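Listed below are the residues making up each chain.
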Amino acid sequence: MSDCIFCKIAAKEIPSSAVYEDENMLCFKDINPAAPVHLLLIPKVHFDSLAHAEAGHETLLGKMMLKVPQIAREAGLSNGFKTLINTGKGGGQEVFHLHIHIMGTPA
Ligand code: AMP
Ligand code: ZN
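A. Here's a closer look at the coordination of the zinc ion (ligand 2). Here the zinc ion (ligand 2) is held by Cys4 (SG), Cys7 (SG), His46 (ND1) and His97 (ND1), and the distances to it run 2.0 to 2.3 Å. Every donor counted, the 4 donor atoms about the zinc ion (ligand 2) form angles of 106 to 117° at the centre, which fits tetrahedral coordination.

B. Main features of the nonpolar core. Among the nonpolar cores identified, the biggest contains 16 residues, and Cys27, Leu39, Leu41, Met64, Ile71, Ile100 and Ile102 are the most heavily contacted of them. Put simply, the parts of the chain that give this core at least two residues each are strand S2 (25-29), strand S3 (37-43), helix H2 (58-74) and strand S5 (100-104). The biggest single contributor to this core is H2, with 5 residues. In this structure Met64 touches Met25, Leu41, Ile42, Pro43 and Ile100, once residues within four positions along its chain are discounted.

What counts as what
Residues numbered from 1 in each chain as written. Chains lettered and ligands numbered in written order. Predicted model: local features only at pLDDT ≥ 70, side-chain atom pairs only at ≥ 80, totals over all residues. Heavy atoms only, no water. Donors = N, O, S within 2.8 Å, 3.2 Å for Na, K, Ca; no water. Tetrahedral: all angles 85-135°; square planar, octahedral: opposite > 155°, others 65-115°. Core = buried A, V, L, I, M, F, W, Y, C linked by side-chain atoms within 4.5 Å. Buried < 20%, exposed > 50% of the residue type's maximum accessible area, 1.4 Å probe, protein only. Helix = DSSP H or I, 4+ residues; strand = E, 2+ residues; numbered from the N terminus. Contact = heavy atoms within 4.5 Å.

Structural data, given as structure tokens:
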């Protein structure tokens, strides 16, 4: 997906404020934060949305979900946090590369 902004962020073609990275995923600060801490966790592999996830993404999605609380804790969200996945135009999705919003206020 050469025109996908999050693929370009994952490939370091566009800079981001990354807070976590491994071979499968990247987490970076949302450029237009809606909370004191607002992070986006993306898979490095492109798929448009949760509605486009396939059986082959099962392990990846599980790893991402398990990583969310660790990233939140390291961002200071020890009191809790919100997660959000917008799916499709009707779901408010603007960037069509799956991403998990992680939002909250440090304790
Ligand atoms: P969504 O509506 O779920 O598709 O959310 C897309 C999010 O991506 C919005 O919160 C944007 O502020 C954020 N965003 C768009 N471009 C960038 C970027 N270059 N770096 C960081 N966040 C971005
Ligand atoms: Zn992409």
